[in-house]
Amino acid sequence: MNKVILLLISYFGIALVTSCLSCPDVNAFYDFASLEAEYPNGTSISENQDFILILNELEISYLADHRKFSLLTPAHATQECEGAGYLGKKFKIEEIIITSDADWDESHPAGTPLNDVILFGSNIQYSQYLSDVDDFGEFDRNHYFKFTAPTLDTAHTFHIQVRKTNGTSVPITTNLVSWTN
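Below: a short report on this structure.

## Here's the deal with the pattern of salt bridges
Opposite charge on two side chains lets them pair, provided their charged atoms get close. Enumeration over the complete set of coordinates arrives at 4 salt bridges. Across the salt bridge formed by lysine 164 and aspartate 31, the nearest N and O atoms sit 2.8 Å from each other. Of the two residues, lysine 164 sits in strand β11 (residues 158-164) while aspartate 31 sits in strand β1 (residues 29-31), which places them 133 residues apart along the sequence. Per residue, the accessibility class of lysine 164 equals that of aspartate 31, and both read buried. Where lysine 89 meets glutamate 57, a salt bridge forms, and the shortest distance between an N and an O atom there is 3.2 Å. Highlighted residues: lysine 89 in the loop between β5 (61-63) and β6 (93-100) and glutamate 57 in strand β4 (residues 51-58), separated in sequence by 32 residues. The burial state of lysine 89 is the same as that of glutamate 57; both residues are buried.

## Some remarks on the side chain of asparagine 56
Here asparagine 56 is to be found in strand β4. Polar side-chain contacts of asparagine 56 include one of 2.9 Å to the side chain of glutamate 38.

## Notes on the packing of aromatic side chains
One pass over the structure, following the stated rule, counts 9 aromatic pairs. Joined through ring pairs, the aromatic side chains of Tyr39, Phe51, Trp104, Phe147, Phe158 and Trp179 make up one cluster. Across from the ring centre of phenylalanine 32, 4.4 Å away, lies the NZ or CZ of lysine 164, which sits over that ring.

## What to know about the pairing of β4
Where burial is concerned, most of β4 is hidden: 7 out of the 8 residues are buried. As paired strands, strand β2 (residues 34-38) and β4 are joined by 5 bridges and run antiparallel to one another. Within β4, the residue paired with glutamate 38 across the bridge is isoleucine 54. Bridge count between β4 and strand β9 (residues 142-147): 6 bridges; the pairing is antiparallel. From the neighbouring strand, asparagine 56 faces β9, where its bridge partner is asparagine 142.

## Some details on unusual backbone geometry
Residue glutamate 59 is not a glycine yet carries a positive backbone phi of 50°. Tracing the sequence through the fold places glutamate 59 in the loop between β4 and β5. On the basis of relative accessibility, which here comes to 54%, the residue glutamate 59 falls in the exposed class.

Conventions adopted
Positions within a chain are numbered from 1, following the residues in the order the chain's sequence is written. Selection of residues for local features in this predicted model requires a pLDDT of at least 70, selection of side-chain atom pairs for listing and counting requires 80 or more, and totals for whole chains, interfaces and linings are taken over all residues. For side-chain calculations, the full set of non-hydrogen atoms in the structure is used, while hydrogens and water are omitted. A side-chain nitrogen of Lys or Arg and a carboxyl oxygen of Asp or Glu constitute a salt bridge if their distance falls within 4 Å. Per the convention used, a helix needs a DSSP run of H or I reaching at least four residues, while a strand needs a run of E reaching at least two, with both numbered from the N terminus. When accessible area is computed with a 1.4 Å probe and restricted to protein chains, residues below 20% of their type maximum are described as buried, those above 50% as exposed, and intermediate ones as partly exposed. Contacts described as polar in this section are N or O atom pairs within 3.5 Å, which, within protein, must combine one atom able to donate a hydrogen with one able to accept it, while residues neighboring in sequence count only if both atoms come from side chains. In this analysis, rings of Phe, Tyr and Trp, with Trp reduced to its six-membered ring, are considered paired at centre separations within 6.5 Å, and the interplanar angle assigns stacked below 30 degrees, edge-to-face beyond 60, and tilted for intermediate values. Charge-over-ring contacts are defined here by two conditions on Lys NZ or Arg CZ: a distance within 6 Å of the ring centre and an angle within 35 degrees of the ring normal. A pair of strands is considered paired only if DSSP assigns at least 2 bridges between the two.

Bear in mind that shape data such as this cannot, by itself, settle questions of function.
This is how it looks when you write it as structure tokens:
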């Protein structure tokens, strides 16, 4: 009988310590199912102005990796717990391809990727051309693009494909963007 009582006291003691030192099972990753285009300087652009496009990830869902075992619900007594999605995207962005329905320049007829003429960045800090980005992992839920004026057609609708490492692709088509004199 004493062994049973000792065993129960030990179990509840371990459970109490475990619940005070751990956080609840949180869905540590997130995924997105759609995109929204934002045009901070509008869609009617003067020829000497850059066009800025921001893509915002929408329809966010939170996903788990591996759940950890816990004996009791955590009491949160000793540490602040992370929020849902704190480890970033479950499926990283593998590639972003931007094309136009019109001729951009002699080297970029309608339908060909414009990645080598579009600057990509985060928080309006454009660090490299989209074609040179080999790791989108550092970028969170907003993706910034800067376009200089095209040399041929001045009205463009952009088609964007965001491909993820799980093989899925999220498409979006922008509003008509026009460069004017």
